[in-house]
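# Analysis of the macromolecular model
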Amino acid sequence: QVQLVESGGGFVQAGGSLRLSCAASGSIFRANAMAWYRQAPGNLRELVASVTNSGRTTYANSVKGRFTISRDNAKNTLYLQMNSLKPEDTAVYYCAAGFVLRDYDIPNDYWGQGTQVTVSS
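In what follows, the accompanying structure is described.

### A few points about the state of the cysteines
Within this structure, the stated rule accounts for 1 disulfide. Through a disulfide, cysteine 22 is tied to cysteine 95; the S-S separation comes to 2.0 Å. Linking cysteine 22 and cysteine 95, the disulfide has an S-S dihedral of approximately -75 degrees and is accordingly described as left-handed. In this pair, cysteine 22 is assigned in strand β3 (residues 18–25) and cysteine 95 in strand β9 (residues 91–100), connecting sequence segments 73 residues apart. Taking relative accessible area as the criterion, cysteine 95 reaches 0% and is therefore assigned buried.

### Thoughts on the packing of aromatic side chains
For the structure shown, the criterion picks out 2 aromatic pairs. Ring geometry for tyrosine 37 against tryptophan 111: centres 4.9 Å apart, planes inclined by 50 degrees, an arrangement best described as tilted. Of the two residues, tyrosine 37 sits in strand β4 (residues 30–39) while tryptophan 111 sits in strand β10 (residues 108–111), which places them 74 residues apart along the sequence. Ring geometry for phenylalanine 99 and tyrosine 110: centres 5.6 Å apart, planes at 35 degrees, overall tilted. With phenylalanine 99 in strand β9 and tyrosine 110 in strand β10, the pair connects residues that are 11 residues apart, well separated along the chain. Per residue, the accessibility class of phenylalanine 99 equals that of tyrosine 110, and both read buried. One Lys or Arg, arginine 19, reaches over the ring of tyrosine 79 and ends 4.2 Å from the middle of that ring. Geometry around tyrosine 94 places arginine 45 over its ring, the cationic atom sitting 3.8 Å from the centre.

### Observations regarding the pattern of salt bridges
Tallied over the full model, the rule gives 4 salt bridges. Linking arginine 38 and aspartate 89 is a salt bridge whose minimum nitrogen-to-oxygen distance equals 3.0 Å. A residue pair is termed long-range when its members are at least 10 positions apart, and arginine 38 in strand β4 and aspartate 89 in the loop between β8 (77–82) and β9 qualify at 51 residues. Pair check on accessibility: arginine 38 and aspartate 89 agree, each one buried. Among the charged side chains, a salt-bridge network with shared partners connects Arg38, Glu46, Arg66 and Asp89.

### Concerning the environment of tyrosine 94
Mapped onto the secondary structure, tyrosine 94 falls in strand β9. Through-space distance from the C-alpha of tyrosine 94 to that of leucine 4 is 9.4 Å; in sequence the pair is 90 residues apart. Once you skip the residues sitting within four places of it in the chain, tyrosine 94 turns out to touch Glu6, Ala35, Trp36, Tyr37, Gln39, Arg45, Trp111, Gly112, Gln113 and Gly114.

Procedures and definitions
- Residues numbered from 1 in each chain as written.
- Predicted model: local features only at pLDDT ≥ 70, side-chain atom pairs only at ≥ 80, totals over all residues.
- Heavy atoms only, no water.
- Disulfide = S-S within 2.5 Å.
- Helix = DSSP H or I, 4+ residues; strand = E, 2+ residues; numbered from the N terminus.
- Buried < 20%, exposed > 50% of the residue type's maximum accessible area, 1.4 Å probe, protein only.
- Phe/Tyr/Trp six-rings, centres within 6.5 Å; stacked < 30°, edge-to-face > 60°.
- Lys NZ or Arg CZ within 6 Å of the ring centre and 35° of its normal.
- Salt bridge = Lys/Arg side-chain N within 4 Å of Asp/Glu carboxyl O.
- Contact = heavy atoms within 4.5 Å.

Printed below as a string of structure tokens:
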């Protein structure tokens, strides 16, 4: 059974930094795109950043220049370096990935349980 486990969330003052990690466990044939989403209270879940298995990255306009997404394909691990954090970055951050479990399978989406990031002003 494949699971995604996030870590690294916490409480930080505005202007500070945090690094989120997301480790995949289980047998995975191929990892497609991996991404970070976030959801603040009362808001819809939104895409923060994504990275393809070839390394192409995409960022939400609100985090460009402040956040950096990266992945370690050998470890099926995803990272999000968050710098210059703002109170509006406060949310639950979710890791998501498209995994193919066997060579004859189609990709399926997997989600982590979420990690809270709180930025105080």
